[in-house]
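A look at the structure
As a plain string of letters, each chain reads:
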Number of protein chains: 2
Amino acid sequence: MKVFLDCIPCFVRQALHSARQATNNKRIHEEVLRRILRLSAELDMSQSPPAIGRQIHRLTKELTGSDDPYREIKSRFNNLALRLYPELRKRVINSGNPLDTAIRLAIAGNIIDLGVKTSIEESEIEGVIRDCLTADFDSRAVEAFANAVNQAERILYLADNAGEIVLDRLLIERLPIEKVAIAVKGSPVINDATMEDALIAGLPRIVEVIDNGSDAPGTILETCSEPFRGRFQDVDLIIAKGQGNYETLSDSDKNIFFILKAKCPVIARDLGCEVGEMILRKSRAFSDIGDLVKEAE
Amino acid sequence: MKVFLDCIPCFVRQALHSARQATNNKRIHEEVLRRILRLSAELDMSQSPPAIGRQIHRLTKELTGSDDPYREIKSRFNNLALRLYPELRKRVINSGNPLDTAIRLAIAGNIIDLGVKTSIEESEIEGVIRDCLTADFDSRAVEAFANAVNQAERILYLADNAGEIVLDRLLIERLPIEKVAIAVKGSPVINDATMEDALIAGLPRIVEVIDNGSDAPGTILETCSEPFRGRFQDVDLIIAKGQGNYETLSDSDKNIFFILKAKCPVIARDLGCEVGEMILRKSRAFSDIGDLVKEAE
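Computed from a prediction, not measured in an experiment: that's the story for all the values here. (Residues numbered from 1 in each chain as written. Chains lettered and ligands numbered in written order. Predicted model: local features only at pLDDT ≥ 70, side-chain atom pairs only at ≥ 80, totals over all residues.)

1. A closer look at the overall build of chain A
Where we set the bar: Per the convention used, a helix needs a DSSP run of H or I reaching at least four residues, while a strand needs a run of E reaching at least two, with both numbered from the N terminus. For a compact globule the rule gives 2.2 Å times the number of residues to the power 0.38, and the radius of gyration it is set against comes from C-alpha atoms. Exposed residues have 12 or fewer other C-beta atoms within 10 Å of their own C-beta, buried residues have 20 or more, and residues in between are partly exposed; the C-beta atoms are placed from the backbone. In this description, any two residues whose backbone-derived C-beta atoms lie within 7 Å of each other are considered to be in contact.
Helix and strand counts for chain A come out as 13 helices and 6 strands. Against the compact-globule benchmark of 19 Å for 297 residues, chain A has a radius of gyration of 18 Å, which places it among compact chains. Seen through its principal axes, chain A has C-alpha atoms that stretch 60 × 40 × 35 Å. Out of the 297 residues in chain A, the part that is buried amounts to 48%. Once local pairs closer than 6 in sequence are excluded, the contacts in chain A between residues at least 24 apart make up 72%.

Structure below.
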């Protein structure tokens, strides 16, 4: 998906927020703002939003001298999600449809996205969880997802953000974990999950965790490591979490299920949904014959 | 009030929105965006937000070739407000405290501000009116306002936006109109009210209407006409409506009552209030002896 002009002011806002996380020096905040405005004025608009986000956040990290401005925020959301996890896990297990419930909770976790919002209240997350457990949701998509998972030999789960990754664990636990690897970012960008966050979520104890070698807030294969690219090509099912992964993989020819909460008008327009909607959607390239037959019925 | 760094991405968003109102040509949208980003990178940050807004919107109007990108939107909101007006007027007249009700409705009208939001639904305005009629509101400030109005010899009411100006009429009608003049902008900027909107609101039939000769989305005296500046200095009470007038006059040494809805975090921080709060506040310079005595009691 190509960037929209609307994304640019949003990136400028993001960079300012990031600079403020990195330092209290107001002179640096202003310098970051001016440099990001200059960079933005000359951008190649044929890129995806995460390709631009990568440039914006690289420059912000360079100018502030912080390699991880969101470290503290990520830790806070990991801790919050870990506090909620035991109770949510019970809800999944005791649910009439554990896979459906786990997907809903993984989507709720996608609210922890500091690319879209500058701040998220802890109470807001609990509200989103409640809403996601009861909102209308496409049961046919859940069924198609279950079929795809059953038929797949090798599954790659592309994680999105810190905190969120703890709720992803609820969904990972419903998958045939021997077939699954979960991928995190190679180095920090916004509040995207890295290996550190996967460790805090306890994921390496239950599933293979790899990093993608990249600092893009999405999955841009050219920026990923050789081993990750090999793995990406090798698997027969990809579960892509969050807006950044949708923005970078929506035109991919791989079998992908996108799982996200549509949080901004640009994404909602691209998906043809309302802002706030829960999305579980197959990639256009998905060509599972069983599903095609099913849809033809 | 000086601009905050947070205002800059908001101005970029505003310019893009304005360009889209002016033309469907996407090449021009992108050109406006890039030029505004370049302008923003070099801004003098010691200016007030409306001083910067004036530059941003001048450049946008120049690049799009439209002298009034918000013409259609202004007309739509004038018409909406005129439809609501008769019923709201009855509410004021039949209210236990007509002045209080009229101030609340004038504040509700301040939601029609396309500097802060890119779109406002008509249904949203009716909701805001309902909320403003019942929300907590400082009755001492209303009393102080009534005293100031009674003691004043000459009152200048600085209007804010189109549509909103129709609801301002409800408040103007509660004032001693022979003492009052209402000022609109000299030429279009965002959806700020000009003489055309005052005419549509029927104001010249009941009160003197002047224009300030300026295209700033606030009141920057240096950009206003000589006659307006004379009038501004001459009056002993100014009623300043909306965020733009607060941003440009908050440090003035005139006796001013600011009337607005605090719609963005930057303004709310400056006012020390919550976003969404209704504001009726005297300027710091206000030195009405009666009020001082009253407050000392």
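2. Focus: the domain arrangement of chain A
All names here are of chain A. Note the threshold: Bear in mind that the domain bounds are from an automatic or database domain assignment. Each residue gets one label: Ala, Val, Leu, Ile, Met, Phe, Trp, Tyr, Cys and Pro are nonpolar, Asp, Glu, Lys and Arg are charged, and the others, such as Gly, are polar.
On domain assignment, one finds that chain A holds domain 1 (7-64) and domain 2 (71-296). Here the C-alpha centroids of domain 1 and domain 2 sit 26 Å apart. With 13 residues of domain 1 at the interface, the matching set in domain 2 holds 15 residues. Of all the elements, helix H3 (residues 49-64) adds the most residues to the side of domain 1 that touches domain 2, at 7 residues. Its residues placed into classes, the side of domain 1 that touches domain 2 shows 4 nonpolar, 6 polar and 3 charged.

3. Quick look at the sheet that holds strand S6 (residues 278-282) of chain B
Two strands in a sheet stick together by hydrogen bonds in their backbones, pointing the same way (parallel) or opposite ways (antiparallel). Residue and element names in this part refer to chain B. Here is the rule: Between any two strands, at least two bridges found by DSSP are needed for them to pair. Between N-to-C directions, angles cover 0 to 180 degrees, with each direction set by a line fitted to C-alpha atoms, over the stretch in contact for helices.
With mixed pairing, 6 strands are arranged side by side in an open sheet as S3-S2-S1-S4-S5-S6. The strands lining the two open edges of the sheet, one partner per strand, are strand S3 (208-211) and S6. The mean inter-strand angle of the sheet, taken between neighbouring strand axes irrespective of direction, is 20 degrees. The sheet contact formed by strand S4 (residues 237-241) and strand S5 (residues 256-261) spans 4 bridges and is parallel.

4. Looking at the relation of the copies chain A and chain B
The condition is simple: Alignment of the copies relies on least squares applied to C-alpha atoms, considering only residues that score at least 70 for pLDDT in both.
Under the fitted operation, chain A is carried onto chain B by 0.1 Å of movement along the axis and a turn of 180 degrees, and the coordinates agree to an RMSD of 0.0 Å. In symmetry terms, the pair is related by a two-fold rotation axis. A share of 100% of the interface residues of chain A reappears at the interface of chain B, consistent with the copies meeting face to face through the same patch.

5. A few points about the environment of Arg91(B)
Residues and elements named next belong to chain B. By the element assignment, Arg91 lies in helix H4 (residues 71-93). Among the residues examined, Arg91 registers 16 C-beta atoms within 10 Å and is labelled partly exposed. Spatially, the C-alpha atom of Arg91 lies 9.9 Å from that of Leu133, the residues being 42 residues apart in sequence.

6. Regarding the interface of chain A and chain B
Chain A puts 16 residues into the contact, and the matching count from chain B is 16 residues. Mapped onto the side of chain A that touches chain B, the elements with two or more residues apiece are helix H1 (7-22) and helix H2 (26-41) of chain A. At 8 residues, the largest contribution of residues to the side of chain A that touches chain B is made by H2(A). Taken together, the residues that form the side of chain A that touches chain B break down as 9 nonpolar, 2 polar and 5 charged.

7. Describing helix H6 (residues 122-134) of chain B
All names here are of chain B. Selection criterion: Directions from the helix axis toward the C-beta atoms define the arc.
For H6, the full list of buried residues reads Ile125, Val128, Ile129 and Cys132. Angular distribution of buried residues about the axis of H6 spans 105 degrees; they occupy a single face of the element. Facing away from the buried side of H6 by over 90 degrees, the exposed positions are Ser123, Gly127, Arg130 and Thr134. Tucked into the core, H6 has its buried residues touching H4, helix H5 (98-109) and S6.

8. Focus: the nonpolar core
The criterion, for reference: A set of buried Ala, Val, Leu, Ile, Met, Phe, Trp, Tyr and Cys residues, joined through C-beta atoms within 7 Å, is what we mean by a nonpolar core.
Counting residues in hydrophobic clusters, the biggest one holds 178 residues, and the most contacted among them are Leu105(A), Ile182(A), Ile259(A), Leu105(B), Ile182(B) and Ile259(B). Excluding anything up to four places from it in sequence, Ile259(A) contacts Ile103(A), Ala106(A), Ile107(A), Ile239(A), Lys241(A), Ile279(A) and Leu280(A).

9. Some words on the sheet that holds strand S1 (residues 155-158) of chain A
All names here are of chain A. Taking strand neighbours across the sheet as the criterion, the 6 strands line up as S3-S2-S1-S4-S5-S6 in an open arrangement whose pairing is mixed. Because the sheet does not close on itself, it has two edges, and the strands there are strand S3 (208-211) and strand S6 (278-282). On average, adjacent strands in this sheet sit at an angle of 20 degrees to one another, irrespective of strand direction. Of the pairings in the sheet, the one linking strand S5 (residues 256-261) to S6 comprises 5 bridges and is antiparallel in character. When the sheet's bridge partners are listed, Leu260 is paired in S6 with Ile279.

10. Points about unusual backbone geometry
One non-glycine residue, Ile190(A), lies in the positive phi region at around 45 degrees. Summarising the element assignment, Ile190(A) is placed in the loop between strand S2 (180-184) and helix H9 (195-200).

11. Focus on the pairing of strand S4 (residues 237-241) of chain A
All names here are of chain A. Going by this rule: Handedness of a crossover is defined as follows: with both strands directed away from the viewer, a clockwise route from the first strand across the helix to the second makes it right-handed.
Where burial is concerned, most of S4 is hidden: 5 out of the 5 residues are buried. Burial along S4 is two-sided: the face carrying Leu237, Ile239 and Lys241 and the face carrying Ile238 and Ala240 are both buried. Alignment of S1 against S4, held across 4 bridges, turns out to be parallel. Residue pairing in the sheet places Leu158 in a bridge with Ala240 of S4. At this point the chain moves from S4, through helix H11 (residues 242-249), to the parallel S5, and the crossover so formed is right-handed.

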